[in-house]
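One-letter residues, chain by chain:
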Amino acid sequence: MRTVTYVRALNEALSEEMARDDSVFIIGEEVGGVFGVTRGLDRRYGERRVRCTPISEAAFTGLGVGAAMSGLRPIVEIMYVDFITVCWDQVANQAAKLRYMSGGQVKLPLTIRAQQGNLTREAAQHSQHIEAWFAHTPGLKVVMPATVEDAKGLLKSAIRDDNPVVFLENRLLYELKGPMPRDEYTIPLGVAKIQREGTDITVVATSNALQKSLAAADQIADEVSVEVIDPRTIVPLDTETILASVRKTGRLLVVHDAPARLGFGAEVVRLVTEQAWDALQAAPRVIGGLNLPMPFSPVLEDVCIPDVPRIAETIRQVARS
Amino acid sequence: MRTVTYVRALNEALSEEMARDDSVFIIGEEVGGVFGVTRGLDRRYGERRVRCTPISEAAFTGLGVGAAMSGLRPIVEIMYVDFITVCWDQVANQAAKLRYMSGGQVKLPLTIRAQQGNLTREAAQHSQHIEAWFAHTPGLKVVMPATVEDAKGLLKSAIRDDNPVVFLENRLLYELKGPMPRDEYTIPLGVAKIQREGTDITVVATSNALQKSLAAADQIADEVSVEVIDPRTIVPLDTETILASVRKTGRLLVVHDAPARLGFGAEVVRLVTEQAWDALQAAPRVIGGLNLPMPFSPVLEDVCIPDVPRIAETIRQVARS
Amino acid sequence: MKPTTDQMIEMLRTMLTIRHFEVTARTQYGHNRDLGSFLGALHSYEGQEAIAAGSCACLRCDDYVLSSHRGHGHFIAKGGDVKAMLAEILGKESGCSRGRGGSMHMFDVKLGLLGGNGVVGGGIPLALGPAFSAQYRGTDQVSAAFFGEGASSQGVFHEAMNLAALWRLPIIFMCENNRYAVRTPACEGVSVPEISVRAAGYGCPGVTVDGNDPVAVFEATSEAVARARAGDGPSLIEAVAYRQQPHCMVIAENRQEAELEQMRECDPLPNYETRLLTERLIDHQQLQAMKDEVTNLMDEAVAYAEAAPYPDPAAVHDYLWA
Amino acid sequence: MKPTTDQMIEMLRTMLTIRHFEVTARTQYGHNRDLGSFLGALHSYEGQEAIAAGSCACLRCDDYVLSSHRGHGHFIAKGGDVKAMLAEILGKESGCSRGRGGSMHMFDVKLGLLGGNGVVGGGIPLALGPAFSAQYRGTDQVSAAFFGEGASSQGVFHEAMNLAALWRLPIIFMCENNRYAVRTPACEGVSVPEISVRAAGYGCPGVTVDGNDPVAVFEATSEAVARARAGDGPSLIEAVAYRQQPHCMVIAENRQEAELEQMRECDPLPNYETRLLTERLIDHQQLQAMKDEVTNLMDEAVAYAEAAPYPDPAAVHDYLWA
Ligand SMILES: Cc1ncc(C[n+]2csc(CCOP(=O)(O)OP(=O)(O)O)c2C)c(N)n1
Ligand SMILES: Cc1ncc(C[n+]2csc(CCOP(=O)(O)OP(=O)(O)O)c2C)c(N)n1
Ligand SMILES: [Mg+2]
Ligand SMILES: [Mg+2]
């Protein structure tokens, strides 16, 4: 095992898949730069395969969808996931639906990469977590890596997948360090990972909330035995792993940074109450972001997002109830 | 009471509010026509107040938002809600956030009207129910009238509201007839309506699913006493009325036409399990559309959407469990 | 480039096929509606036949077409099977999109037909994809986007023109100005009399041609295709014609009689027939034979589509994921 | 129209204020970062001062401005309070957007300042609104949208130009070509050398002016404003200048020394100072007095902003709904 950063893991995944398959190319604004995920790829693979675009997300996302229909394997980068709004038609009405509408004639081996995140004081139009929009749109897979190892393995699977995959990175995790296998590997989409075993309560958490939940579980380790599950992909969702855990613990808490209202947490509660009702010993809970546009001021932003103490306290509450 | 159609009720609401307040205007494609909601208003109020646009949803929605910030009370019509994708930035990043980002300086008295619906064999890009996208976006109110009386009363309130309100009509209800008070009235946003009282189970249903649920409740009236609640607005949501009902019946079913995954049903389950856990005597259930782009073929479309027999059967199951 | 005699005659056949197909489809549609089964939206291409026929005659089988909501003509002109298209309109499993797409979403990937679009303008950025793909793979294929004058007011038109011009993508932007978007006249949707002038703002050629004349369309398109294949980038062609039918089957209209009169005079089909006869590229007997063939083809298509089975409802989840 | 002497002098004051404000804000920003508190994005307007100063000098208090992510200059030029803006950048309750907006979202509704935008191009369609509103209410107010050359590649630019031209809305599209979008040079983002040529495609006037010269900007804008107030519709102005600082405070860059050299030569501030001195519109003493005033203003602003209290976290839900 080596130790690398999340951003480096992503960079390696891109580079390896580009080396492996000439039909893979990257398109987006300032690719080769900004957050470092694509750094150096422009020099290594040239302009043909790492394409900097004008600020025309709808055009270059559409280009990606059309290229996927005609034999390439595009990776479209949206600089901040918030900007998906300007190309939402190409994502939600085109990429998500073309294969089905064609009766299975076209394949859409398209990866849309974007980063989300908060606490960087960039205000309402640069701080959204909107995996729910994607996940509520049939025809898109939605991946949210929370660890270094997953970042690489899931991105490689996303690129190889013949369907449109929305790959949501978290900019707060870019500098996270973690172990990384030396040999090549991929991680299948649709398989959750139990990141910590426990017996008192099941915590399902995504992206940076997974890291915060692990920290919270550590903090209260002598009081509560917490099982922490990272679904890793929201669509397809590994419901079985979650259900098996809840059947064991009898308790459920879901944590994410996206607003709680109609968020992923609600979906997990729906599935668990429907399919593991008899196992539940207490009311399931969700902690999410506030239902607000993100305020700029640090003192306000800080209270909008679940933090470790609040997660720990809620785990305690649910475990005791 | 008179008997009028849903489409007529909407037309009256628009006409009355335009007569009442010169700052109200309508903007969109082919307004004055197509579905009949705006019919005759062009002749009555003239081109100044009923504006037909080019096919530029982003431009005219943005115009509406900017007009709302500068003293007018725009009603923006999106012909099919599916096309909100091409102006999603103006809705989700601008309309929803500008007031908050301005620290409360601007008011946004904007109504965005659109119709959704299915079973009209218009395939995947004309048959979506996407209230969840809106409801997951903080800063938007979301209204879904299911009856003739509500159509008028809620639309008038939406227009008078100083916030961006997304008003989602259902084209399958346009020809629905119902009683209509003779005197002027409005119906406040955020107040649910118990459309049918019952004691065995609470059914929460929106838009056309409300009508289907009422029919299902009628069909099995001798077996199960069904309480049917129409939340009428998804945001703000009248959680109290739903909770009070579940506390009485002990059972919950949510029905809507939108895909079940991360839909409104999941949200109701989240709120009810969190806040009325002890009252629940059985697992709550959600029936929604399939997680698929809508297929064109009638034989396929028919199985994608909850129908009366399936709703009736599920009510029975939940009531018995 | 001028079309060859063979191409001139083939364009007529294409136009006749489209016209007859639309009449057939409308009849089927009305028939089904009378039986109480409503088959969604149906946008007739009648009046615009010369555009699809003239432009697609310049395309090879391995070139790509991204179509609009009004796409039956493109499908036929690019070589699509009318039986499969009619079956699609009736929602049958043997439809060209297996009954999943319907009238606005006709696919035949073997022929480079990558679908119509229910979103006005939605296909324009998609068409950049195959153009990029051809450039990337080093082939000389081209991509064509068909869209209405109404669609040209969508932002994606601008973004795609700019991107294609910057990267010299092999793409033809084919704007079909049929003078209306639903009931909005072109002059209320587009701020200039000729959309083709916008090409100058992207540094690429733009031309307005008579969309009632397949030869004019052919000439403009063949030039644009040659440019594209040579690596010289995109072109914008505005072909002006007239939509003969209402926007779609369910929207009422009342156009002025004078306008309808004019429409009949510039109907591309009789005019082109007369021209071919006058120029002696075809004689009356050959014309009649061609018409009979087309009529037979439609009869076959109707028989085929009506007899074809519906999809199995149990298979509704098929084709979501590859 | 030419600016009056007073206007010439006021434009200098505006430019100086903007320049000093940006330096102050950058210093504050770095200072906070050193203390471990990161204050998001900060986009400097240095180098573009002449554009805001020259154009806003043509606007009345009741005219509207929709700004971009790089909006401090517009805020100052339209008469905004620098104290409130600096407090906003520091996230304070007395900031011009009550600390909710931050650097990219500066509001002062009394002055018609309807906010910047974090979405490139996002403000362009918004600016149609006040223009429509003025027309609807029958006033002669105008609306101005400020956006970069990079933003002009967004679809909304096209949609808004077309709509504004069709309806003759009183709007000025002010495209600030500062030669880069982040690190992408204009020639890689826009397919033509001059964006202003695109105006012809909408049937409205378009002009490219020297964005380093406030007088040139004033002349072009005053003409556009006169047209707009007279009911003659929109204009597109491209003002070419040079972004002196990196895109925002956190993005590294290495530009060629030759380019930086050129930049220093065309820096709008010293050049304009020299001009006013040469033309004897101002003398050295007056200039120094003006600079002192500006320096004092910045000192006051810093003292004010630093002392100002943060919002109350318990009030986080305030201002969501009206
Ligand atoms: C984004 C979007 N807006 C509106 C519509 C509704 N609509 C369908 S076709 C049409 C008119 C299109 O006009 P044009 O592009 O000229 O094509 P034509 O119908 O004339 O062939 C409209 C407004 C749509 N499908 N998509
Ligand atoms: C829709 C969208 N895409 C991308 C970005 C990221 N971004 C912020 S500023 C910027 C460059 C903008 O360039 P330009 O319009 O020329 O303005 P300038 O920064 O030069 O003032 C980019 C790409 C964004 N904020 N919004
Ligand atoms: Mg048209
Ligand atoms: Mg720039």
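Residues numbered from 1 in each chain as written. Chains lettered and ligands numbered in written order. Predicted model: local features only at pLDDT ≥ 70, side-chain atom pairs only at ≥ 80, totals over all residues. Heavy atoms only, no water.

## A look at the coordination of the magnesium ion (ligand 4)
A four-donor tetrahedral metal ideally has 109.5 degree angles, and a six-donor octahedral metal ideally has angles of 90 or 180 degrees. Residue and element names in this part refer to chain D. Bound to the magnesium ion (ligand 4) are the protein donor atoms Glu-149 (OE), Asn-178 (OD1) and Tyr-180 (O), situated 2.0 to 2.2 Å from the metal. Read N to C, the donor residues that coordinate the magnesium ion (ligand 4) are spaced as E-x28-N-x1-Y. When its relative accessible area of 5% is taken as the criterion, Asn-178 is described as buried. (Donors = N, O, S within 2.8 Å, 3.2 Å for Na, K, Ca; no water. Buried < 20%, exposed > 50% of the residue type's maximum accessible area, 1.4 Å probe, protein only.)

## Section: the sheet that holds strand β4 (residues 73-78) of chain B
Residue and element names in this part refer to chain B. An order of β3-β2-β4-β5-β7-β6-β12 is seen for the seven strands of this open sheet, with the pairing classed as mixed. Two strands close off the open sheet at either side, each with one partner strand: β3 (50-52) and β12 (233-235). In this sheet, neighbouring strand axes are inclined to one another by 20° on average, regardless of whether the strands run parallel or antiparallel. By the bridge criterion, four bridges tie β4 to strand β5 (residues 111-116) in an arrangement that is parallel. Each bridged residue has a counterpart across the sheet, and for Ile-75 the counterpart in β5 is Thr-111. Where helix α6 (residues 148-160) meets the sheet, it contacts β2 (24-28), β4, β5, β6 (141-143) and β7 (165-170), and its direction lies at approximately 160° from that of β7. (Pairing = 2+ DSSP bridges. Helix = DSSP H or I, 4+ residues; strand = E, 2+ residues; numbered from the N terminus. Axes fitted to C-alpha atoms, helices over the stretch in contact; angles between N-to-C directions. Contact = heavy atoms within 4.5 Å.)

## Quick notes on the site of ligand 2
Taken together, 20 residues sit near ligand 2, with Glu-57 of chain A together with His-69, Arg-70, Asn-178 and Tyr-180 of chain D positioned nearest. Per-site note: the chains with residues close to ligand 2 are chains A and D. A distance of 2.9 Å separates an oxygen atom of ligand 2 from a polar atom in the backbone of Ala-151 of chain D. One of the backbone N or O atoms of Tyr-180 of chain D is found 2.8 Å from an oxygen atom in ligand 2. In isolation ligand 2 has 580 Å² of accessible area, and contact with the protein removes 96% of it. Its residues placed into classes, the shell around ligand 2 shows nine nonpolar, seven polar and four charged. (Near = heavy atom within 4 Å. Polar contact = N/O pair within 3.5 Å; in protein donor to acceptor, adjacent residues only side chain to side chain. Areas by Shrake-Rupley, 256 points an atom, 1.4 Å probe, with all protein chains shown as cover. Nonpolar A, V, L, I, M, F, W, Y, C, P; charged D, E, K, R; others polar.)

## Considering the domain arrangement of chain A
Residue and element names in this part refer to chain A. According to the domain assignment, chain A contains domain 1 (2-180) and domain 2 (193-320). Measuring from the centre of the C-alpha atoms in domain 1 to the corresponding centre in domain 2 gives 26 Å. In this complex, domain 1 contributes 25 residues to the contact, which on the side of domain 2 involves 25 residues. With both chains or domains summed, domain 1 and domain 2 bury close to 2200 Å², and 57% of this area falls on carbon and sulfur atoms. The interface formed by domain 1 and domain 2 contains three salt bridges. Here Arg-121 makes a salt bridge to Asp-302, at a shortest N to O gap of 3.0 Å. The interface formed by domain 1 and domain 2 holds 10 residue pairs in polar contact (both at pLDDT 80 or more) in total. Mapped by element, the contributors of at least two residues to the side of domain 1 that touches domain 2 are α6 (131-135), β6 (141-143) and α7 (148-160). Considering only residue class, the side of domain 1 that touches domain 2 consists of 15 nonpolar, six polar and four charged. (Domains from an automatic or database assignment. Buried area = accessible area lost by both parts, 1.4 Å probe. Salt bridge = Lys/Arg side-chain N within 4 Å of Asp/Glu carboxyl O.)

## Some remarks on the sheet that holds strand β2 (residues 24-28) of chain A
Residues and elements named next belong to chain A. Spatial ordering of the open sheet is given by β3-β2-β4-β5-β7-β6-β12, a layout of seven strands whose pairing is mixed. With one partner strand each, in any of the chains shown, β3 (50-52) and β12 (233-235) form the two edges of the open sheet. The sheet shows a mean angle of 20° between the axes of neighbouring strands, taken without regard to direction. The pairing of β2 with β3 spans three bridges and is classified as parallel. Looking at β3, one finds that Gly-28 is bridged to Cys-52. Relative to strand β4 (residues 73-78), helix α3 (residues 57-69) is tilted by about 160°, and along the sheet it contacts β2, β4 and β5 (111-116).

## Regarding the nonpolar core
Of all hydrophobic cores here, the largest spans 196 residues; its most connected members are Phe-134 of chain A together with Phe-134 of chain B. Residues within four places of Phe-134 of chain B in sequence aside, it is in contact with Val-81, Ile-84, Trp-88, Val-91, Leu-140, Val-142, Val-166 and Leu-168 of chain B. (Core = buried A, V, L, I, M, F, W, Y, C linked by side-chain atoms within 4.5 Å.)

## A few points about the pairing of strand β4 (residues 143-148) of chain D
In the case of a regular strand, side chains alternate between the two sheet surfaces. Residues and elements named next belong to chain D. Burial within β4 is extensive, with five of its six residues counted as buried. Here strand β1 (residues 64-66) pairs with β4 via three bridges, running parallel. The residue bridging Val-65 from the neighbouring strand is Ala-144, located in β4. In terms of strand pairing, β4 meets strand β5 (residues 171-177) through six bridges, oriented parallel. Paired with Phe-147 across the two strands is Cys-175, which belongs to β5. With helix α6 (residues 155-167) bridging β4 and its parallel neighbour β5, the resulting β-α-β unit is right-handed. (Right-handed = clockwise from strand over helix to strand, strands pointing away.)

## Overview of the environment of Asp-210 of chain C
Residues and elements named next belong to chain C. Locating Asp-210 in the fold gives a position in strand β8 (residues 206-210). When the C-alpha positions of Asp-210 and Glu-238 are compared, they lie 8.5 Å apart, and in sequence the two are 28 residues distant. Leave out the neighbours within four places in its chain, and Asp-210 touches Ala-216, Val-217 and Val-240. Of the polar contacts made by the side chain of Asp-210, one reaches the backbone nitrogen of Asn-212; its length is 2.8 Å.

## Some thoughts on the site of ligand 1
Inspection of the region around ligand 1 gives 20 residues, with Glu-57 of chain B together with His-69, Arg-70, Asn-178 and Tyr-180 of chain C positioned closest. Proximal residues around ligand 1 fall on chains B and C, making this an inter-chain site. For ligand 1, an oxygen atom lies 2.9 Å from a polar atom in the backbone of Ala-151 of chain C. In isolation ligand 1 has 580 Å² of accessible area, and contact with the protein removes 96% of it. Across the shell around ligand 1, the residue classes tally to nine nonpolar, seven polar and four charged.

## A look at unusual backbone geometry
Of note, the amide linkage connecting Val-235 of chain A to Pro-236 of chain A takes the cis form, showing an omega dihedral of -10°. Checked against the element boundaries, Pro-236 of chain A lands in the loop between β12 and α9 (239-249). A positive phi is found at Arg-98 of chain D, a non-glycine position, where the angle reads about 55°. Residue classification places Arg-98 of chain D among the partly exposed residues on the basis of a relative accessible area of 30%.

## Here we look at the relation of the copies chain D and chain C
Superposing chain D onto chain C requires a rotation of 180° together with a translation of 0.0 Å along the rotation axis, leaving an RMSD of 0.0 Å. Here the symmetry operator amounts to a two-fold rotation axis. Judged by C-alpha distance, Gly-155 of chain D is the residue of chain D that lies nearest the rotation axis, at 1.7 Å. Here 100% of the interface residues in chain D have copies in chain C that are interface residues too; the copies meet face to matching face. (Least-squares fit on C-alpha atoms with pLDDT ≥ 70 in both.)

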